[in-house]
Amino acid sequence: MRKLRTKAAVLAAVALVAAAFTAAPAQAAGGNNDPSCRPSAAHPRPVVFLHGLGATYYEDLNFLQSAVAAKGYCTFSQTYGAYPGFPVVGGLRPIADSAGEIKQFIGQVLAETGASQVDIVGHSEGGFQSLYVTKTQGIADKIGSVVSIAPPTHGTTFAGLTKLAYLLGQGERDAVGKALSTLGCPACDDLITDGAAVKKLTTGPIAQAGVKYTVITSRYDELVTPTDTSFVREPGVVNEYVQDTCPFDPVGHIGEAYDLNVWNLVTNALDPAHATKFFCTVGSPG
C-alpha cells in the first residue's frame, strides 16, 4: 500500500510541474493548515480535507490540499481514526468514533477562521466520512459543499475479497467483521457490504438539504467495487466518473488522490460558477 502511495506521490510531483505550465493566473495566497488564514470573498468557505483508510493528513490528499490552497482557499486537515500512541496510521477506528473527531475538527476550523460554513473534500474512507459526518453529526448547516472521491458509499467488496464470506452466510460475515476488528481495523468492517456504518448512511436519504454534493470516482477503481457503489443517486447530487471527462485516464483507487484530472474536477466542484476546461493527463493505474 505504501509503495503504491509513493509511486502515486512521484506522479503527483510530475503533474504539479505540468500544471505549472497551464495554471491560471496567480490568485491571492490561501493557507495550508494555517489557523491565521481568513477566507476571502472569492472563497468564503474553508476546505477540510479527509484522508483515506490507513493514511494520514500528510499522506494522501496533502498534494491536492496544497494545490487548492495555492488557488486562494484556506485549507485544513488532520489525521483522524488513529489509535492513541500510534498516529502514523489513520482511519482504523470505528467510523462513528472518527466522525465525532471530524465534527470537532470542523468546529475548530470554523472558530479559527470565523467562517460560518466549510466545504469538505474526502478520498476513499474520507469520502465516505464526508457523506457520513454531514448526515449523522447534526452539522449539515455548517457544510456548504461535499466533494467525495471514490467513497465506498454503499459498501465495498474490496475487489471481491469479501464475496466468499457472503456466499457462506451471515455467520461468516460476522466472523469476517470480528476478525477485522481484532486486527485493529473496525473501520474496515464498517465499510464492507452490510457494514454498520454503511447501513446507517444508506438508511433514508444521504444528501442533506442545503448541501451541494459531487461524487467522483474512476471506472478503473480496483478497491471500491463495484465502482458505481460510490454514487449517491439522489436529486441534486452530481455523480461522475473521471473518464466522463478524461476517457483515457486509467487512474486507480489510490491514484485518484494524486491525479491531476481529479484535482481539476474537485476545484471545479468547489467553485462551479468559475469551472474551467482543462487538459487531460494520464494518472496512475494503481
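Each remark here, short or long, concerns the structure printed above.
Conventions and cut-offs
Residues numbered from 1 in each chain as written. Predicted model: local features only at pLDDT ≥ 70, side-chain atom pairs only at ≥ 80, totals over all residues. Heavy atoms only, no water. Helix = DSSP H or I, 4+ residues; strand = E, 2+ residues; numbered from the N terminus. Buried < 20%, exposed > 50% of the residue type's maximum accessible area, 1.4 Å probe, protein only. Contact = heavy atoms within 4.5 Å. Areas by Shrake-Rupley, 256 points an atom, 1.4 Å probe, with all protein chains shown as cover. Phe/Tyr/Trp six-rings, centres within 6.5 Å; stacked < 30°, edge-to-face > 60°. Pairing = 2+ DSSP bridges. Axes fitted to C-alpha atoms, helices over the stretch in contact; angles between N-to-C directions. Core = buried A, V, L, I, M, F, W, Y, C linked by side-chain atoms within 4.5 Å. Patch = residues over 30% accessible without salt bridge, like charges linked within 9 Å, V, L, I, M, F, W, Y side chains within 5 Å. Salt bridge = Lys/Arg side-chain N within 4 Å of Asp/Glu carboxyl O. Polar contact = N/O pair within 3.5 Å; in protein donor to acceptor, adjacent residues only side chain to side chain.

Chemist: Honestly, the overall build of the protein in this entry has me stumped. Any pointers?
Modeler: The helix and strand tally for the protein stands at 10 helices and seven strands. Taken over 286 residues, the protein has a buried fraction of 53%. Put simply, of all contacts in the protein between residues at least 6 apart along the chain, 74% involve residues at least 24 apart. Entry remark: accessible area of the protein is about 12,500 Å², with carbon and sulfur atoms responsible for 62%.

Chemist: Please explain the packing of aromatic side chains as it appears in this structure.
Modeler: Scanning the model with the defined rule gives four aromatic pairs in all. Between Phe128 and Tyr132, the aromatic rings sit 5.8 Å apart at their centres with planes inclined by 25°, giving stacked as the arrangement. A residue pair is termed a helical-turn pair when its members lie 3 or 4 positions apart in one helix, as Phe128 and Tyr132 do in helix H4 (residues 125-136) at four residues. Here the two residues Phe128 and Tyr132 agree in accessibility, since each one is buried.

Chemist: Help me understand the sheet that holds strand E2 (residues 47-50) in this model?
Modeler: Strand-to-strand pairing in sheets goes through backbone hydrogen bonds, with the strands running parallel or antiparallel. Within the open sheet, the seven strands sit side by side as E1-E3-E2-E4-E5-E6-E7. Their pairing is parallel. The outermost strands of the open sheet, each flanked by one partner alone, are strand E1 (31-32) and strand E7 (237-241). Two elements, strand E4 (residues 118-123) and strand E5 (residues 143-149), share five bridges in a ladder whose sense is parallel. In the strand pairing of E5, Val121 is matched with Val147. The strands touched by helix H2 (residues 62-70) within the sheet are E1, E2, strand E3 (74-77), E4 and E5, with E3 carrying the most contacts at an inclination of about 160°. Relative to E5, H4 is tilted by about 150°, and along the sheet it contacts E2, E4, E5 and strand E6 (212-217).

Chemist: Could you clarify how one ought to interpret the nonpolar core in this entry?
Modeler: Most often, soluble globular proteins keep nonpolar side chains buried together rather than apart. One finds Ile106, Val118, Phe128 and Ile143 to be the most contacted residues of the largest nonpolar core, which totals 37 residues. For this core, the element with the most residues is helix H3 (residues 95-113), which contributes seven residues. In this view, Ile143 contacts Ile106, Gln117, Val118, Ile120, Thr134, Gly210 and Val211; residues no more than four positions away in its chain are not counted. The next biggest cluster of nonpolar side chains, apart from the first, holds 26 residues, and it includes Ile149, Cys246, Val262 and Phe278.

Chemist: Whenever I open this one, the environment of Gln243 confuses me. Can you help?
Modeler: With respect to the secondary-structure elements, Gln243 resides in helix H9 (residues 242-245). Distance in space between the C-alpha atoms of Gln243 and Cys280 is 9.9 Å, their sequence separation being 37 residues. Setting aside its immediate chain neighbours within four residues, Gln243 contacts Thr217, Ser218, Arg219, Tyr220, Asp249 and Val251.

Chemist: Is there a simple way to explain a nonpolar patch on the surface in this structure?
Modeler: A surface patch of nonpolar side chains, about 470 Å² in accessible area, is lined by Tyr57, Tyr58, Tyr83, Phe86 and Val88. Positionally, Phe86 belongs in the loop between E3 and H3. Under the relative-accessibility criterion, Phe86 is labelled partly exposed at 45%.

Chemist: Help me understand unusual backbone geometry in this model?
Modeler: The general pattern is negative phi for most residues beyond glycine and trans for most peptide bonds. Cis geometry is found at the peptide bond from Thr225 to Pro226, where omega equals -15°. Inspection of the secondary structure assignment puts Pro226 in the loop between E6 and E7. The phi dihedral of Asp60 falls on the positive side, at around 155°, and the residue is not glycine. Among the structural elements, Asp60 can be located in the loop between E2 and H2. On the basis of relative accessible area, Asp60 is assigned to the buried category, the value being 0%.

Chemist: Would you mind going over the side chain of Asp249 with me for this structure?
Modeler: On the secondary structure map, Asp249 appears in the loop between H9 and helix H10 (260-270). Here the side chain of Asp249 touches Gly283 through a polar contact of 2.9 Å, landing on its backbone nitrogen.

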